[in-house]
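Chain by chain, the residues:
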Amino acid sequence: MNTTGPAADDVRADGLRLVPFRGLRYVPERVGSLAAVTSPPYDVVVRPDGLHHLESADPHNIVRLILPQAMTAGTRHRKAAVTLDRWLADGVLAPDPEPALYVYEQQSGELLQRGIIGALELSAPDRGIVLPHEDVMPHVVEDRAALMRTTAANLEPLLLTYVGEGEGATRVIERAARREPLLSTTTEDGVHHRLWAVTDPAELAAVDSELARHQALIADGHHRWATYLRLQQEHESPSPWNYGLVLLVDTARHPLRVRAIHRLLSRLPVADALAVLEGRFRVRRIDGPLPAAMETLAAAVAEGNAFLLAGDGGFHLVDRPDPELLAATVRTDRPEAWRTLDATVLHATMLDHLWHIPDAPEHIAYIHDTEAAVEQAERRGGTAVLMHPVREEVVRDLARQGVTMPRKSTSFGPKPATGLVLRSLALD
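The model shown is predicted, which means the values in this text are computed figures rather than measured ones. (Residues numbered from 1 in each chain as written. Predicted model: local features only at pLDDT ≥ 70, side-chain atom pairs only at ≥ 80, totals over all residues. Heavy atoms only, no water.)

### What to know about the pairing of strand β19 (residues 383–386)
Phase 1 of the analysis: Here β19 shows a buried face lined by T383 and V385 and a second buried face lined by A384 and L386.
Phase 2 of the analysis: Inspection of the sheet shows strand β14 (residues 262–265) paired to β19 by 3 bridges, in the antiparallel sense. Counted as the bridge partner of R263 is V385 from β19.
Phase 3 of the analysis: Looking at chain direction, strand β16 (residues 306–310) and β19 are connected through 3 bridges and run antiparallel. Across the sheet, A310 pairs through a bridge with A384, a residue of β19. (Buried < 20%, exposed > 50% of the residue type's maximum accessible area, 1.4 Å probe, protein only. Helix = DSSP H or I, 4+ residues; strand = E, 2+ residues; numbered from the N terminus. Pairing = 2+ DSSP bridges.)

### Here's the deal with unusual backbone geometry
Phase 1 of the analysis: In the segment running from S237 into P238, the intervening peptide bond is cis, with an omega of 0°.
Phase 2 of the analysis: Within the secondary structure layout, P238 lies in the loop between α7 (222–233) and β12 (243–250).
Phase 3 of the analysis: Residue P289 is bonded to the preceding G288 through a cis peptide linkage, with omega at 0°.
Phase 4 of the analysis: Position of P289 relative to the elements: it lies in the loop between β15 (282–286) and α9 (290–301).
Phase 5 of the analysis: One non-glycine residue with positive phi stands out, namely R320, at about 45°.
Phase 6 of the analysis: If you trace the backbone, R320 turns up in the loop between β17 (315–319) and α10 (323–329).
Phase 7 of the analysis: In this structure, H356 is a non-glycine residue whose phi angle is positive, near 55°.
Phase 8 of the analysis: Topologically, H356 is positioned in the loop between α12 (342–354) and β18 (364–367).
Phase 9 of the analysis: Classification of H356 as exposed rests on a relative accessible area of 60%.

### Some thoughts on the packing of helix α3 (residues 73–89) against helix α4 (residues 138–151)
Phase 1 of the analysis: It is at 8 Å that the axes of α3 and α4 come closest, and there the two elements cross at 35°. Crossing angle aside, the handedness with which α3 passes α4 is right-handed. Each of R76, H77, R78, A80, A81 and L84 in α3 lies in contact with α4, whose residues at this interface are D143, A146, L147, T150 and T151.
Phase 2 of the analysis: A class-by-class count of the residues in the contact of α3 with α4 yields 5 nonpolar, 3 polar and 3 charged. (Axes fitted to C-alpha atoms, helices over the stretch in contact; angles between N-to-C directions. Left-handed = near helix turned anticlockwise from the far one by under 90°. Contact = heavy atoms within 4.5 Å. Nonpolar A, V, L, I, M, F, W, Y, C, P; charged D, E, K, R; others polar.)

### Focus on the pattern of salt bridges
Phase 1 of the analysis: Overall, the coordinates contain 25 salt bridges when judged by the stated rule.
Phase 2 of the analysis: Put simply, E142 and R230 hold a salt bridge, and the shortest N to O gap is 2.4 Å. In this pair, E142 is assigned in helix α4 and R230 in helix α7, connecting sequence segments 88 residues apart.
Phase 3 of the analysis: Residue R230 is classed as partly exposed on the basis of its relative accessible area, which comes to 30%. (Salt bridge = Lys/Arg side-chain N within 4 Å of Asp/Glu carboxyl O.)

### Some remarks on α12
Phase 1 of the analysis: Across its 13 residues, α12 extends only 15 Å between first and last C-alpha, which sits more than 12% below the 18 Å expected from 1.5 Å per residue.
Phase 2 of the analysis: Among the 13 residues that make up α12, 11 are buried, leaving the element largely enclosed by the rest of the structure.
Phase 3 of the analysis: Residues of α12 that are buried: D342, A343, T344, V345, L346, H347, A348, T349, M350, L351 and L354.
Phase 4 of the analysis: Trailing α12 by a residue or two, H356 shows a phi angle of about 55°, which is positive. (Expected span 1.5 Å × (residues − 1).)

### Considering the pairing of β16
Phase 1 of the analysis: The buried count for β16 comes to 5 of 5 residues, which makes it a mostly enclosed element.
Phase 2 of the analysis: On β16, burial covers both faces: A306, L308 and A310 on one face and F307 and L309 on the other are all buried.
Phase 3 of the analysis: Relative to β17, β16 runs antiparallel, the two sharing 5 bridges. Within the sheet, the bridge partner assigned to A310 lies in β17 and is F315.

Next comes the structure, spelled out in structure tokens:
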């Protein structure tokens, strides 16, 4: 690992340490297009048709590494490792000649987001340098760990945010954006992506100096961060496994959007769900279409906990929970901001206490896309529980208190495209 700055055995006790690495990138001449080999993060590709679409876009699409398809988990992970080795041998992927930090830009209409991709030194939660805000599911961490362990690679960056000062890192990013990029492509969602390498020692030192004064919030990638920490424990230090691939975005300059993640309850019909809630919440059928129903949900959330249930061809607003029910079902040893979260009430009161639904993949699916959640609920005869997003300041405040939210409570974006730059631990 080339730190191009502080000695590799220094212990950064005060803030973030982002170090250069030799990025693995697609060789444009060996693929149909850079856009065709990219993918959303692995946990956003939830529908089989979405997976097939990506696999069909190009035989070298990155989804074949992050979501390999086979009958067993072990076979899937080995398949990904074999595929990665083959693409390297065939020159489809190639390492950059020297370690670098990478300035990454996403632009769509008026939206412009820039950040820095690098290998972040891992730190224990009690050090308060990297702040998680959501719980994780052990089976997902186990799957991601097995994939990373088998491929010896970080295949997609986590999205982390910090509140910058407009100094070293900001100036490096702005200078890089005036240069010719390493790559430039527009994905099918209309987002334009550009990437630059930063190798100048003075610029790397400027980034290091500013980040050393900051902590970061995990915006997207809690399971992969937990995976990084698990794999770090499996290897003696110093080791490339002491670092993990991340994208750091200064939200003082580029605020992220926060969206909700919806729940799909495949085994619970809407009629059964509503019957249990009657008398404990206010339940009203409301008019569609979906965008109008979501606006009604947003208005209701402003007054307290509210959810939109769908799956039977209509929409049902569920709000105004019985205060005595909440007092009996929501734990009281957490801050008020946590106890009043919609996700807290959903899991503690509705899923656990009223519906008796375990938080397991066969019972609950987590879906980012609102239309997809409704469509799948209708197709399966289940219930989609549509959520309203949490404000970023609430997320950050709870994280600073060391309080994690229920899993899959938020979806920050825009998320980095997967496939533009990878990290092979064999190169460090």
